[in-house]
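Geometric and topological summary
Each chain, letter by letter, is given below.
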Amino acid sequence: MASGENRETFRTGWSRLETILSHEARQGASEQGNFVNDPVTRGSTVLFSTIAALNANEASRYNHELTYGAMGNSNQFALEKLIAAIEGGAQTQIVGSGLLACTFALQAFLKAGDHLLLPDSVYGPTRRFALKTLARFGVETEFYPPLASEEELAGFIRSNTKVIFAESPGSHTFEVQDVPMIARLAHKNGAKLLLDNTWGIGAFMPFEHGVDVSIQALTKYPAGHSDVVLGAVTVTHDEDWRTLRDEAIYMGLCASPDDCWLTLRGLRTMALRLEKQSRNALELARWLKTRPEVALVRHPALPDCPGHDFWKRDFTGAAGVFGVELRSGISPDSVERMLNEFEYFGIGASWGGYESLVLPTYGTITRSHRDGLPANPAFRLQIGLENYEDLRRDLERGLKSLEKIV
Ligand SMILES: *Cc1c(COP(=O)(O)O)cnc(C)c1O
């Protein structure tokens, strides 16, 4: 653990998960004996002893029971149970990627003629799906500023607004949103609130804040080892579960037993990894703030991050991923050289694995509203499980190499 921790600005909510992650969603002991981890079970056809049994099985499609391989498998059902417990929801559908979790949830709750509100800070591929695919099916998308006030956001709502989507904090720019306010507005207008809660896993309880549908990219901390791509959609109301589950079946969505098994294995240690990675991330964020080369650190637990007060009110922890914006007057070439030459920060997309990553976020992200874009060279850091001092020295070496434009 890094030194100098300030308990006032950082609380860890993951202790709630420790016992759940160790005990939920495994078959446990039996007379004949079981392995601690459930085995991987593969299959397409499910055999029934009689036609009557086959017909009776029809009702089990909503109950996480075997029907046919494309409608789910035992490992998938176990993972669904664990994710529902983590999110504090009633039912979860696992799908093949985090992006698919976003796109499938949108598709399940929208139809031709509907109006969709996306936050301007939404994950880029979710934005692309709305503009490319949903548009082809007659859904109109509009982008609202992620920190819009209640009055401003109300101005975006129309009679046919059926889904408001939130992502808190926003991808790359880390605006923390006022989710309870957005939920109030959505429900007043008969719309659903969908939230991409990937960053907030275990630290933001979506259904306690009025969210109807919560999305997780399990590729991140749950799988945790940069070797699985998987997603989850969780709901709390029975009616929403029927909508979601029916759509999953209509589309043939399911997940590989191996990927579900690996993700379950990753989840057993997630609280421990999150705590260590997040503490070191916050300590590095604080250290970066003191550097003369740095203009702004976009870490939700730091007071100058946009929407910090909402983080303080609604979250019990902060993930180990944050943004860094450099001061103006630093040459872009020297920034690129610095990113290339980091020893421990790999250059690559995604996050939540055990290894540290860096990704430039300057000139690569799209916004419809002008405010919110970093004004200067910026990058995102994912802090892995490496030693804190090794990472700090690596960053320090890089920052010292930056050249001023004269
Ligand atoms: C990574 C990510 C996704 C997509 O997850 P994949 O499994 O990589 O498709 C969606 N939303 C957020 C916020 C993410 O960070």
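Here is a short report on the structure shown in this document. (Residues numbered from 1 in each chain as written. Predicted model: local features only at pLDDT ≥ 70, side-chain atom pairs only at ≥ 80, totals over all residues. Heavy atoms only, no water.)

**With respect to the site of the ligand**
Near the ligand you find 13 residues, and of these G98, L99, D196, T219 and K220 are the closest. Contact between the ligand and L99: an oxygen atom at 2.8 Å from a main-chain N or O atom of the residue. In this structure, an oxygen atom belonging to the ligand sits 2.5 Å away from a side-chain N or O atom of T219. Bound to the protein, the ligand loses 89% of the 380 Å² it would expose on its own. With respect to the pocket detection grid, the ligand is positioned in the largest pocket. (Near = heavy atom within 4 Å. Polar contact = N/O pair within 3.5 Å; in protein donor to acceptor, adjacent residues only side chain to side chain. Areas by Shrake-Rupley, 256 points an atom, 1.4 Å probe, with all protein chains shown as cover. 1 Å grid on protein atoms, 1.4 Å probe; cavity = no way out; pocket = protein on both sides within 12 Å on 5 of 7 lines; lining within 4 Å. Sits in = over half its atoms within 2 Å of the grid points.)

**Quick word on the layout of surface pockets**
Considered as a void within the structure, the largest pocket measures approximately 670 Å³ in volume. As for the largest pocket, its lining consists of 34 residues, of which Y123, P125, S171, H172 and R380 are closest to the centre. Counting only elements with at least two residues in the lining of the largest pocket, the list comes to α4 (98–109), α5 (124–136) and β11 (357–360). Classifying every residue of the lining of the largest pocket by side-chain character gives 16 nonpolar, 12 polar and six charged. Within this model, the second largest pocket holds a volume of roughly 160 Å³. Lining the second largest pocket are P332, V335, E336, L339, N340, I347, P360, Y362, P377 and A378. Broken down by element, the lining of the second largest pocket gets its largest block of residues, five residues, from helix α12 (residues 332–341). (Points joined across faces, edges and corners; volume = space filled by probe spheres on them. Helix = DSSP H or I, 4+ residues; strand = E, 2+ residues; numbered from the N terminus. Nonpolar A, V, L, I, M, F, W, Y, C, P; charged D, E, K, R; others polar.)

**Description of the environment of E142**
Along the chain, E142 falls in strand β3 (residues 140–144). A sequence separation of 11 residues divides E142 from L131, and the C-alpha atoms of the two residues are 9.4 Å apart. Apart from the residues within four sequence positions on either side, E142 is in contact with H115, L116, L117, L118, F156 and R158. (Contact = heavy atoms within 4.5 Å.)

**A short note on the sheet that holds strand β10 (residues 346–347)**
A sheet is described by the order of its strands in space; here five strands give the open sequence β8-β9-β12-β11-β10, paired in mixed fashion. A strand with exactly one partner marks an edge of an open sheet, and here the two such strands are β8 (294–298) and β10. With two bridges connecting them, β10 and β11 associate as parallel partners. Note that in β11 the partner of G346 across the bridge is L357. (Pairing = 2+ DSSP bridges.)

**Regarding the packing of aromatic side chains**
Under the criterion given, the structure shown has four aromatic pairs. Ring centres 4.9 Å apart and planes at 40 degrees place the aromatic pair F204 and F315 in the tilted group. Remark: F315 occurs in the loop between α11 (308–314) and β9 (321–326) and F204 occurs in the loop between β5 (192–196) and β6 (213–217); sequence separation between them is 111 residues. Each member of the pair F204 and F315 is classed as buried. (Phe/Tyr/Trp six-rings, centres within 6.5 Å; stacked < 30°, edge-to-face > 60°. Buried < 20%, exposed > 50% of the residue type's maximum accessible area, 1.4 Å probe, protein only.)

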